[in-house]
Amino acid sequence: MPFLWPLRGRASAAASRIQSMMNDIDLMRDGPYVWSRVTGQVTSVRSAGNHLQQDDSRPLKLPLFVTVPMVSSPTDTAPAGPFPVCVLLNGFQARASYYAPLARRLASWGYVVLQYNAPALTIIPDAAEMPYLGEALRWLQAASSGEAAQPTLQGRADLNRLVVAGHSRGGKLAALHFCSGSVAGLPIRSAFLIDPVDNTAYTPESAAYPSASKALRAAGRRFGVAAAGLIGSANPEGSNWRLF
């Protein structure tokens with residue numbers, strides 16, 4: 001299961017135990033953890049060049065949403081953390097709430113899930129949005145450790161086990177982050193792309209809209225991908241998951 005890749009890299013015996021456990025797990029059901037929701041906000045730069053290629057450096061407030069695994073009772077035998085962190089990136093003009101069921105499912109299996117909302121009804125080039133994740137992760141780092149830590153997050157986010165995932169355009173952004181190798185100084189261990197969409201007739205390849213499929217081939221990194229197989233105007237032939 002791709003979302004368990006961050007757990008690999010330990011001793012082979014541990015990996016074997018994990019694989020053995022996976023044979024008895026139904027990931028279509030909720031896992032052993034309940035979940036809690038934490039919200040926050042960071043300020044970033046709106047754009048380093050909008051769709052008209054004009055500079056727009058006005059401050060931008062990004063709402064953040066963190067879904068946190070929690071043990072259900074003091075007698076629960078499930079480990080209390082720290083947990084790997086999964087960044088879940090929205091599709092084009094989609095909101096974090098659309099993916100809340102997926103975030104809750106991931107949290108139930110022991111992932112801290114970080115999401116953010118970019119401004120609605122605003123065209124932000126891919127390259128301009130890339131820095132937003134670094135701001136969000138720095139907030140999560142501060143909120144989960146040190147004097148400023150929030151009680152729900154204290155000691156629960158292991159940012160050294162960071163994975164990225166996303167749907168549609170979010171899958172493309174996840175791939176671009178994965179190919180960069182790290183964000184905010186934190187290594188990205190793996191990526192999972194859900195119906196990813198690369199450049200289209202509306203966003204031809206350019207500095208503002210780099211090709212994620214080309215970046216993945218150049219990086220030579222393994223990743224997970226899932227797609228429904230349905231083709232439409234939002235994921236046209238030549239731009240959809242088959243390209244990846």
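As a reminder, the structure under discussion sits directly above these lines.
Residues numbered from 1 in each chain as written. Predicted model: local features only at pLDDT ≥ 70, side-chain atom pairs only at ≥ 80, totals over all residues. Heavy atoms only, no water.

Turning to the overall build of the protein, a few remarks are in order. Helices and strands together make up the secondary structure of the protein, namely 5 helices and 8 strands. Long-range contacts, defined here as pairs at least 24 residues apart, represent 74% of the contacts in the protein between residues at least 6 apart. Split by element, the accessible area of the protein, about 12,100 Å² in all, is 55% carbon and sulfur. (Helix = DSSP H or I, 4+ residues; strand = E, 2+ residues; numbered from the N terminus. Contact = heavy atoms within 4.5 Å. Areas by Shrake-Rupley, 256 points an atom, 1.4 Å probe, with all protein chains shown as cover.)

Attention now moves to the pattern of salt bridges. Pairing is possible between side chains of opposite charge, provided their charged atoms come close. According to the stated counting rule, one finds 10 salt bridges in the structure shown. Measuring nitrogen to oxygen at the nearest pair gives 2.9 Å for the salt bridge that ties Arg169 to Glu129. In this pair, Arg169 sits in helix α4 (residues 169–180) while Glu129 sits in helix α3 (residues 126–144), placing the two residues 40 residues apart along the sequence. Given the relative accessible area of 15%, Arg169 is considered buried. For Asp198, the salt bridge is made with Lys172, and the minimal N-O distance between the two is 3.7 Å. Placement of Asp198 in the loop between β7 (186–194) and α5 (212–219) and of Lys172 in helix α4 is noted, with a sequence separation of 26 residues between them. Among the residues examined, Asp198 registers a relative accessible area of 4% and is labelled buried. Residue classification places Lys172 among the buried positions, given a relative accessible area of 2%. (Salt bridge = Lys/Arg side-chain N within 4 Å of Asp/Glu carboxyl O. Buried < 20%, exposed > 50% of the residue type's maximum accessible area, 1.4 Å probe, protein only.)

Buried within α5 are the following residues: Ala212, Ser213 and Leu216. Along the axis of α5, the buried positions cluster into a sector of 105 degrees, meaning they face one direction only. The exposed residues of α5 that point more than 90 degrees off its buried face are Arg217 and Ala218. Contact partners of the buried residues in α5: α4 and β7. (Arc of directions from axis to C-beta.)

In terms of nonpolar packing, the biggest core is built from 46 residues, with Val66, Leu137, Trp139 and Leu140 touching the most fellow members. Looking at this core, the element that brings in the most residues is α3, giving 9 residues. For Val66, the residues in contact, after removing those within four places along its chain, are Ser36, Arg37, Val38, Val112, Val113, Leu114, Trp139, Leu140 and Leu153. The next biggest cluster of nonpolar side chains, apart from the first, holds 11 residues, and it includes Leu88, Ala94, Tyr99 and Ala103. (Core = buried A, V, L, I, M, F, W, Y, C linked by side-chain atoms within 4.5 Å.)

Two elements, strand β5 (residues 157–167) and β7, share 6 bridges in a ladder whose sense is parallel. Bridging from a neighbouring strand, Val163 pairs with Ser190 of β7. Across 2 bridges, the pairing between strand β6 (residues 182–183) and β7 is antiparallel. Its bridge partner lying in β7, Ser182 is registered against Pro187. Between β6 and β7, which pair antiparallel in sequence order, lie 2 residues; one of them, Ala184, sits at a positive phi of approximately 55 degrees. (Pairing = 2+ DSSP bridges.)

These results come straight from atomic positions and should not be treated as a statement about function.
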